[in-house]
Protein chains: 2
Amino acid sequence: MATVREPKHRERLNRESLAACALQIADSEGLEAVTIRRLATENAVTPMALYWHFADKDALFDGIAERMYAEVNLPEPAGLPWHEELRAALVAVLAALRAHPLVADVAPPRIMKSEPGLALAECVIGLLRTGGFSPAQAAQIGTFLLCSIVTLVTREPGQDQRLDPEAQDEALRGKRAQLESMNPKKYPNLLDSSEFFLFCPSEDVYFSQGIDFLVAGVTGIQPR
Amino acid sequence: MATVREPKHRERLNRESLAACALQIADSEGLEAVTIRRLATENAVTPMALYWHFADKDALFDGIAERMYAEVNLPEPAGLPWHEELRAALVAVLAALRAHPLVADVAPPRIMKSEPGLALAECVIGLLRTGGFSPAQAAQIGTFLLCSIVTLVTREPGQDQRLDPEAQDEALRGKRAQLESMNPKKYPNLLDSSEFFLFCPSEDVYFSQGIDFLVAGVTGIQPR
DNA sequence: ACCTGAACACCGTTCAAGT
DNA sequence: ACCTGAACACCGTTCAAGT
């Protein structure tokens, strides 16, 4: 008899692959879809098995955040002015987080909880110190910049790929109907802009203007 | 016999007071504490009673957002340059949301779902149009500005008043220990700034620099 | 119009036990 | 060291029924 391979017994679980699986679920179906039980079935295991690898659900999210930070390719120092180096770092973070619009929200509060997060933080804080900002300002501005990149990614108009195309069209029609039914005397400017709350004419323009805004903000305030 | 008042039968429920109650719970214990069942017991009613007043939990959150937007006191147009008027509007939003650091996150996606939200949006979009921005840019920048104010409020260092003082001190000690145990060769700048991720030297300075940053960002980019 | 009762299909988590 | 079984205390929501 030829050896007909039985379906391999599950490979051993481990933090990294579990976190990767959770990230995949979140990317395709949203963060709410990531449940201990779902992740367990996906890995052919009882829910309680996960508690060997993660203390609780929050620790699982730490793992997800770490994976996203690991995808940030920080640029080598290039001897440019500090605000140019800062821009490059922000672009690198943006590039990584754009892949995870449904999950990016978990990243900011967890930046100090993994090596790749710490590396990013050290880099940005260092650049801000070079720009003349105090330790307090650097901490505050650095935090704000990271949250802002997340905002750009998570609130990009019309990018909620969570639902199937039909349901998405349906939702879009609903919102459009609501916006277009507004009183034009009362909300003239809102009506002019209405379609751009639902639709992004150019992702590249949107994101590059976002980065421009952030760099302008940083360079526009007084270091103290 | 003197009429000893029986505890009044519950007053009739209504959207507004339910939303107010939910907001109060969220302010003191965080958004996760707002559950249909908790809100029901708080109002001496079965969980299902709430479904008469709100289609689902999301609609309850719409109500919470509306209440917060209603607290924004938009300044009268004062004939100042558009960016000064914009600053005043941002300050007004900040003032309102500062009262709700644990809840402010629900506001941005719901700005178009209530009259006070729409009034704020119309105001900000109008000012951005006056500043020369296109309808598309105005929509994107306006959204970003609102999210940024929320970021300032929700990520203010050391302001998580959710737990009792002892538990909060405990959590703080844990984080501080972690930060101070970092390798000083590897994370020198991070270590310099570490205490300012946990503690805000001055709320007023923090928020006014935040507003300065945003105004600098807006005035620093090219209207197209 | 407004609310209840019973039921369903989910959650995260603990704890003791198995291999 | 790694995983299971059973149980607990929660969720949001539906649907039919009561007043």
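Source: prediction; values computed, not measured.

**Examining the overall build of chain A**
Line of reasoning, step 1. In terms of helices and strands, chain A carries 11 helices and 0 strands.
Line of reasoning, step 2. When the helices and strands of chain A are listed from N to C terminus, the series reads α-α-α-α-α-α-α-α-α-α-α.
Line of reasoning, step 3. Its C-alpha radius of gyration of 22 Å places chain A more than 25% over the 17 Å reference for a compact globule of 224 residues.
Line of reasoning, step 4. With respect to the principal axes defined by its C-alpha atoms, chain A has extents near 75 × 50 × 35 Å.
Line of reasoning, step 5. In chain A, buried positions account for 46% of the 224 residues.
Line of reasoning, step 6. Put simply, of all contacts in chain A between residues at least 6 apart along the chain, 72% involve residues at least 24 apart.
Line of reasoning, step 7. Roughly 11,600 Å² of accessible area belongs to chain A as shown, and the carbon and sulfur atoms make up 54% of that amount.

**Here we look at the packing of helix α11 (residues 203-220) of chain A against helix α10 (residues 203-220) of chain B**
Line of reasoning, step 1. Direction vectors running N to C along α11 of chain A and α10 of chain B enclose 120°, while the axes themselves pass 7 Å from each other. Taken together, the axes of α11 of chain A and α10 of chain B lie oblique to each other. Here α11 of chain A and α10 of chain B pass one another in a crossing that is right-handed. Residues F213, L214, A216, G217, V218 and G220 of chain A of α11 of chain A form the contact with α10 of chain B, whose participating residues are F213, L214, A216, G217, V218 and G220 of chain B.
Line of reasoning, step 2. Across the contact of α11 of chain A with α10 of chain B, the residue classes tally to 8 nonpolar, 4 polar and no charged.

**Structural notes on the protein's contact with DNA strand C**
Line of reasoning, step 1. Contacts to DNA strand C come from 16 residues, most closely from R37 and K57 of chain A together with T46, M48 and H53 of chain B.
Line of reasoning, step 2. Taken together, the sugar and phosphate atoms account for 58% of what DNA strand C places within 4 Å of the protein.
Line of reasoning, step 3. In this structure, I36 of chain A approaches DNA strand C through a main-chain N or O atom, which is 3.1 Å from a phosphate oxygen.
Line of reasoning, step 4. At 3.0 Å, a side-chain N or O of Y51 of chain A approaches a phosphate oxygen of DNA strand C.
Line of reasoning, step 5. Secondary-structure elements contributing two or more residues to the surface near DNA strand C are α2 (36-42) of chain A together with α3 (50-53) of chain B.
Line of reasoning, step 6. Class assignment for the residues of the surface near DNA strand C results in 8 nonpolar, 3 polar and 5 charged.

**Observations concerning the environment of L102 of chain A**
All names here are of chain A.
Line of reasoning, step 1. Tracing the backbone shows L102 in the loop between α5 (82-97) and α6 (115-130).
Line of reasoning, step 2. Judged by relative accessible area, L102 falls into the buried class, the value being 15%.
Line of reasoning, step 3. In this structure the C-alpha to C-alpha distance between L102 and D160, which are 58 residues apart in sequence, comes to 7.8 Å.
Line of reasoning, step 4. Not counting residues up to four positions away in its chain, the partners in contact with L102 are A26, D27, E29, G30, L31, D160 and R162.

**Let's talk about the domain arrangement of chain A**
Line of reasoning, step 1. One can read the domain layout of chain A as domain 1 (10-55), domain 2 (71-155) and domain 3 (165-198).
Line of reasoning, step 2. A C-alpha centroid distance of 38 Å is found between domain 1 of chain A and domain 3 of chain A.

**With respect to the packing of aromatic side chains**
Here the distance between the centres and the angle between the planes together describe a pair of aromatic rings.
Line of reasoning, step 1. All told, the structure shown has 6 aromatic pairs over all chains when counted by the stated rule.
Line of reasoning, step 2. Taking the centre distance of 5.0 Å and the plane angle of 70° together, the rings of F213 of chain A and F144 of chain B count as edge-to-face. Here F213 of chain A is found in helix α11, whereas its partner F144 of chain B is found in helix α7 (residues 135-154) on a different chain.
Line of reasoning, step 3. Under the relative-accessibility criterion, F144 of chain B is labelled buried at 7%.

**Considering the interface of chain B and chain A**
Line of reasoning, step 1. With 53 residues of chain B at the contact, the number on the chain A side is 53 residues.
Line of reasoning, step 2. Carbon and sulfur atoms supply 65% of the area buried between chain B and chain A, which totals about 4,600 Å² over both sides.
Line of reasoning, step 3. Broken down residue by residue, the surface that chain B buries against chain A is led by E122, F144 and F213 of chain B, which jointly contribute 16%.
Line of reasoning, step 4. For the pair chain B and chain A, the interface holds 4 salt bridges.

**Section: the relation of the copies chain B and chain A**
Line of reasoning, step 1. Note on the copies: chain B fits chain A at an RMSD of 0.0 Å, the axial shift is 0.0 Å, and the rotation between them is 180°. Within this description, the copies of the chain are treated as partners about a two-fold rotation axis. Taking C-alpha positions as reference, the residue of chain B nearest the rotation axis is G217 of chain B, located at 2.0 Å.
Line of reasoning, step 2. Interface overlap between copies: 100% of the residues of chain B at the interface are likewise at the interface in chain A, consistent with a symmetric, same-surface contact.

**Side note on α10 of chain B**
Line of reasoning, step 1. The end-to-end C-alpha separation of α10 of chain B is 25 Å, in line with the 26 Å expected for 18 residues at 1.5 Å each.
Line of reasoning, step 2. Considered for burial, the residues of α10 of chain B that qualify are Y206, F207, Q209, G210, I211, F213, L214, V215, A216, G217 and V218 of chain B.
Line of reasoning, step 3. Next to the buried residues of α10 of chain B lie α7 (135-154) and α11 of chain A together with α5 (82-97), α6 (115-130) and α7 of chain B.

**Thoughts on the side chain of S114 of chain A**
Line of reasoning, step 1. By the secondary structure assignment, S114 of chain A is in the loop between α5 and α6.
Line of reasoning, step 2. If sequence neighbours within four positions are ignored, S114 of chain A has contacts with E66 and Y69 of chain A.

**Some thoughts on the protein's contact with DNA strand D**
Line of reasoning, step 1. Taken together, 16 residues are adjacent to DNA strand D, and T46, M48 and H53 of chain A together with R37 and Y51 of chain B come closest.
Line of reasoning, step 2. Each atom of DNA strand D within 4 Å of the protein was classed as base or backbone; sugar and phosphate made up 57%.
Line of reasoning, step 3. H53 of chain A is positioned such that a nitrogen or oxygen atom in its side chain is 2.6 Å from a phosphate oxygen of DNA strand D.
Line of reasoning, step 4. The side chain of Y51 of chain B places a nitrogen or oxygen atom 3.0 Å from a phosphate oxygen of DNA strand D.

Criteria and cut-off values
Residues numbered from 1 in each chain as written. Chains lettered and ligands numbered in written order. Predicted model: local features only at pLDDT ≥ 70, side-chain atom pairs only at ≥ 80, totals over all residues. Heavy atoms only, no water. Helix = DSSP H or I, 4+ residues; strand = E, 2+ residues; numbered from the N terminus. Rg over C-alpha atoms; globule rule 2.2 N^0.38 Å. Buried < 20%, exposed > 50% of the residue type's maximum accessible area, 1.4 Å probe, protein only. Contact = heavy atoms within 4.5 Å. Areas by Shrake-Rupley, 256 points an atom, 1.4 Å probe, with all protein chains shown as cover. Axes fitted to C-alpha atoms, helices over the stretch in contact; angles between N-to-C directions. Parallel < 35°, antiparallel > 145°, perpendicular 65-115°, else oblique. Left-handed = near helix turned anticlockwise from the far one by under 90°. Nonpolar A, V, L, I, M, F, W, Y, C, P; charged D, E, K, R; others polar. Near = heavy atom within 4 Å. Polar contact = N/O pair within 3.5 Å; in protein donor to acceptor, adjacent residues only side chain to side chain. Domains from an automatic or database assignment. Phe/Tyr/Trp six-rings, centres within 6.5 Å; stacked < 30°, edge-to-face > 60°. Buried area = accessible area lost by both parts, 1.4 Å probe. Salt bridge = Lys/Arg side-chain N within 4 Å of Asp/Glu carboxyl O. Least-squares fit on C-alpha atoms with pLDDT ≥ 70 in both. Expected span 1.5 Å × (residues − 1).

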